[in-house]
Amino acid sequence: MASENSPLLAYRLLGEEGATFPAAGAAGPGGASPRKLSTFLGVVVPTVLSMFSIVVFMRIGFVVGHAGLLQALAMLLVAYFILTLTVLSVCAIATNGAVRGGGAYFMISRTLGPEVGGSIGLMFYLANVCGCAVYMLGLVEAVLDVFGADATGPSGLRVLPQGYGWNLLYGSLLLGLVGGVCTLGAGLYARASFLTCLLVSGSLASVLLSFVVVGPRDIPLTPRPGPNGSSLPPLTGHFTGFNSSTLKANLGAEYARDYTTGTVMTFASVFAVLFNGCTGIMAGANMSGELKDPSRAIPLGTIMAVVYTFFIYALLFFFSSFTCDRTLLQEDYGFFRAISLWPPLVLVGVYSASLSASMSALIGASRILHALAQDDLFGVILAPAKVVSRGGNPWGAVLYSWGLVQLMLLAGKLNTLAAIVTVFYLVAYAAVDLSCLSLEWASAPNFRPTFNLFSWHTCLVGVASCLLMMFLISPGAAGGSLLLMGLLSALLTARGGPSSWGYVSQALLFHQVRKYLLRLDVRKEHVKFWRPQLLLLVGNPRGALPLLRLANQLKKGGLYVLGHVTLGDLDSLPSDPVQPQYGAWLSLVDRAQVKAFVDLTLSPSVRQGAQHLLRISGLGGMKPNTLVLGFYDDAPPQDHFLIDPAFSEPASGTPEGSAPALSTLFPPPRAPGSPRALSPQDYVATVADALKMNKNVVLARACGALPPERLSRSSGGPSQPHHVDVWPLNLLRPRGGPGYVDVCGLFLLQMATILGMVPAWHSARLRIFLCLRPQEAPGAAEGRLRSLLSQLRIRAEVQEVVWGEGAGAGPLEEAEEEEGDFVNGGLGDAEAEALACSANALVRAQQGRGREGGPGGPDGGDGDAGPATALTFLYLPRPPADPARYPRYLALLEVLSRDLGPTLLVHGVTPVTCTDL
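The following paragraphs examine the structure supplied in this document. The model shown is predicted, which means the values in this text are computed figures rather than measured ones.

Rules used in this analysis
Residues numbered from 1 in each chain as written. Predicted model: local features only at pLDDT ≥ 70, side-chain atom pairs only at ≥ 80, totals over all residues. Heavy atoms only, no water. Salt bridge = Lys/Arg side-chain N within 4 Å of Asp/Glu carboxyl O. Helix = DSSP H or I, 4+ residues; strand = E, 2+ residues; numbered from the N terminus. Buried < 20%, exposed > 50% of the residue type's maximum accessible area, 1.4 Å probe, protein only. Contact = heavy atoms within 4.5 Å. Axes fitted to C-alpha atoms, helices over the stretch in contact; angles between N-to-C directions. Parallel < 35°, antiparallel > 145°, perpendicular 65-115°, else oblique. Nonpolar A, V, L, I, M, F, W, Y, C, P; charged D, E, K, R; others polar. Phe/Tyr/Trp six-rings, centres within 6.5 Å; stacked < 30°, edge-to-face > 60°. Lys NZ or Arg CZ within 6 Å of the ring centre and 35° of its normal.

## Examining the pattern of salt bridges
Reasoning step 1: In the structure shown here, the tally under the stated rule is 8 salt bridges.
Reasoning step 2: A salt bridge links Arg767 to Asp725, with the nearest nitrogen and oxygen atoms 2.9 Å apart. Placement of the pair is Arg767 in strand S9 (residues 764–772) and Asp725 in strand S8 (residues 722–727), with a sequence separation of 42 residues. We note that Arg767, like Asp725, is buried.
Reasoning step 3: Taken together, the shared-partner salt bridges connect Asp633, Arg701, Glu894 and Arg898 into one network.

Okay, structure coming up:
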């Protein structure tokens, strides 16, 4: 092999993986393929062959000749240190449960989820495909170096014609041989691998023996072309036998020009070649589907293979540096033939290693592809890979992979692709380390591997080492591989995947959320950072979709809980009826595209259930501070499932969230006149209960009249200007209270301002209305409020209105209230209703004036109308102290908010605004 001059071999020396096999129970129509392989045949043999590959014959001289013995051993230690860290992670995951077919892909996907696992699995598959093509081309060039018509070596036979077409033919014939073995099944592959291992081991034994028994000799080297095309003087290498002077001369580094590529070598380039040759550590793990006892075989066999290959590499480095001079090592990478007792045996080893590498890469690629197809992550594109034989051999995946490798052979040269292939392998190794690290950090109780020689420190160092090695070998390929992985992950996320695998991200989130919830001290809360944390009580979501989305807009990054009370008594029921409902409610949250939690309870009455939810919803500092209810009126409920596009159209790819399922789980809306689960008395009592518990209250009326674009997650482009009206005073008690800046009034302003921060409401014009008191000069209250709004950084239009506009003023002038609220006494029913009617008329009049040229009603106006009022915020009075007055209170609220369009009646009990920095 003195004439070995292939530039491909300098870059293609990378690890290739062994076979993986289908999952148990999915191998064929008749059941799972039997697990037959032992630790030696299933793990040790494929891992040793993958880690030796062709580098053990063709690049020992390259590494020692350029780096010297000391740096070569340092490189070997660093490379095996990185690989050992990944081996520890592989062994830990493999011994934590049943590992089925798919090897590294199965481990990563079942730990990190289908998005990351599927993307890395596809990259791992492509790495095996490209690696098989690279090894085929390398084998062809190794054959032609001896038997080709253009061979330049002194011992070339020159019998095979050469050229692009001939080379492609040779590669295709050899690929057909490899494909035939893989198509016939794993059993034949295992026997062929064992035979190959014997040939490689025999060849290596002859090489080691030759170092000892062959005497010193001079080895003439093939003349090299000079820089101008002229030939350089012939060189002679020297095999000195074991000589201390030779060892001393070979200790230090002497980086020179590589005769196969013409480039000057560096530590990084030599280390990359060495590292590329021994990365096949997962060949045994990928045999998981065929092993008798994978939990024992994978750790034991992989560690045995790593130790054995390390020992052989170190021995070859030592023997080469002790017996060969620098010229021989740097100018003839195939010097093993020149010093061998029987040179043809070295050729047998080279060809056997190349064939085993190609076969291992092809069968590994086919098993990974079959596992990807079985998981149905990429749809019909991989459907042919699901076909299996009666014995469980996925011959469809083998043919699929064979075709791709054949396409790769058309390229003829894969120098640049070899680095990308190695980087893909390193991405997979880093993902395995990351999977083990995630499981360890998540502290999952079910992560109990029987292999304990690892820790999160080894996993973390393994991830960092793989990433560092990727960028050391090829920064461009490393960046491109990470970009490709991100794009594939985004594609799989958009397409959706199985949710039953278990996501370690959820365990990590739980672990971190628990830790930070403990640090979220309610005693350190400050009004500057207040945000609404809403509990929306929903009876039937069919009639509450607009309110559900409006509440999602009002939360401003705070907690949002959907609460529902199921009526019943657990003592009289055979099982809890609440637990089966969670799936439907979570599907509702997904389809409605709101960021909400779900909390359900069982209670004899809605009022008691609301109390339960107000007390126990949330955790620590994340507890609801605001109760949101729909308004209690006689309006017939509307079925928004029939008109909302998110529910009227079938969901793609998510059968559990489809419209038919939700329609079945949520009953039709209540028919007009049918009994209601909540009485008016209990409705007002629920409001009173929330205020007693120091919770803010929001009552929402006519939210179904909001246009869809107001409830969308984004504005979706320019929208028509509209008003949001705020009345920060108690319209049912105009002369009582501290004026316009009490706690409840400021709460209204804060909620309206929060809504204006939502993209769909950016075009809203906030209007604040002030009612002039008797003998109050116009402009005085407006000036005070504008000054306050300036301090609060709220941009709004302030308007003063006079009591009596649009309504009679008699009851307003004569009302005398008791402390607390007028509904507690002081006015008769007729006077109180007249007061509510006057306030309602006043609000409607101002809504009408928002429409330039339009009539007075809020629904009036024509094509030339000005901005309309989209939403009105009203001050919600406290319920009366006497429960007997609850029906009267509710009737007054109905009169007050009648025909106002979408309205929120709000009562705030906690300070929410701050003027300090």
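## A closer look at helix H19 (residues 545–554)
Reasoning step 1: Burial analysis of H19 places 10 of its 10 residues in the buried class, which makes it a mostly covered element.
Reasoning step 2: Residues of H19 that are buried: Leu545, Pro546, Leu547, Leu548, Arg549, Leu550, Ala551, Asn552, Gln553 and Leu554.
Reasoning step 3: Just past H19, the residue Lys556 takes up positive phi, approximately 50 degrees.

## Side note on the environment of Cys324
Reasoning step 1: Note that Cys324 resides in the loop between helix H10 (294–323) and helix H11 (326–331).
Reasoning step 2: Along the sequence, Cys324 and Val64 sit 260 residues apart, while their C-alpha atoms lie 9.9 Å from each other.
Reasoning step 3: For Cys324, the residues in contact, after removing those within four places along its chain, are Phe211, His238, Phe239, Thr246, Asn250, Leu329 and Phe335.

## Quick word on the packing of H19 against helix H20 (residues 582–592)
For any two helices packed against each other, the geometry is given by the interaxial angle and the distance between the axes.
Reasoning step 1: Running from amino to carboxyl end, H19 crosses H20 at an angle of 70 degrees, the nearest separation of the two axes being 11 Å. Taken together, H19 and H20 sit at an angle that is classed as roughly perpendicular. Across the interface between the two elements, Leu545, Leu548 and Arg549 from H19 touch Leu588, Arg591 and Ala592 from H20.
Reasoning step 2: Broken down by class, the residue content of the contact of H19 with H20 amounts to 4 nonpolar, no polar and 2 charged.

## Here we look at unusual backbone geometry
Reasoning step 1: In the Ramachandran plot, Ala702 falls in the positive-phi region, its phi being about 60 degrees despite a non-glycine side chain.
Reasoning step 2: Secondary-structure assignment places Ala702 in the loop between strand S7 (696–701) and S8.
Reasoning step 3: Even without a glycine there, the phi angle at Asp899 is positive, about 60 degrees.
Reasoning step 4: Within the secondary structure, Asp899 is located in the loop between helix H29 (886–896) and strand S12 (903–907).

## Re the packing of aromatic side chains
Reasoning step 1: Scanning the entire structure with this criterion turns up 26 aromatic pairs.
Reasoning step 2: With centroids separated by 6.2 Å and ring planes inclined at 35 degrees, the aromatic side chains of Trp166 and Tyr170 adopt a geometry described as tilted. One end of the pair, Trp166, and the other, Tyr170, are both in helix H6 (residues 164–183), 4 residues apart, so they sit about a helical turn from each other.
Reasoning step 3: Look at Trp166 and you get partly exposed, because its relative accessible area is 42%.
Reasoning step 4: Taking relative accessible area as the criterion, Tyr170 reaches 15% and is therefore assigned buried.
Reasoning step 5: Between Tyr632 and Tyr683 the ring centres are 5.3 Å apart and the planes differ by 45 degrees, which places this aromatic pair in the tilted class. Within this pair, whereas Tyr632 is found in the loop between strand S6 (626–630) and helix H22 (645–648), its partner Tyr683 is found in helix H24 (residues 680–692), the two being separated by 51 residues in sequence.
Reasoning step 6: A cation over an aromatic ring shows up here: Arg59 above the ring of Phe62, its NZ or CZ 5.7 Å from the ring centre.

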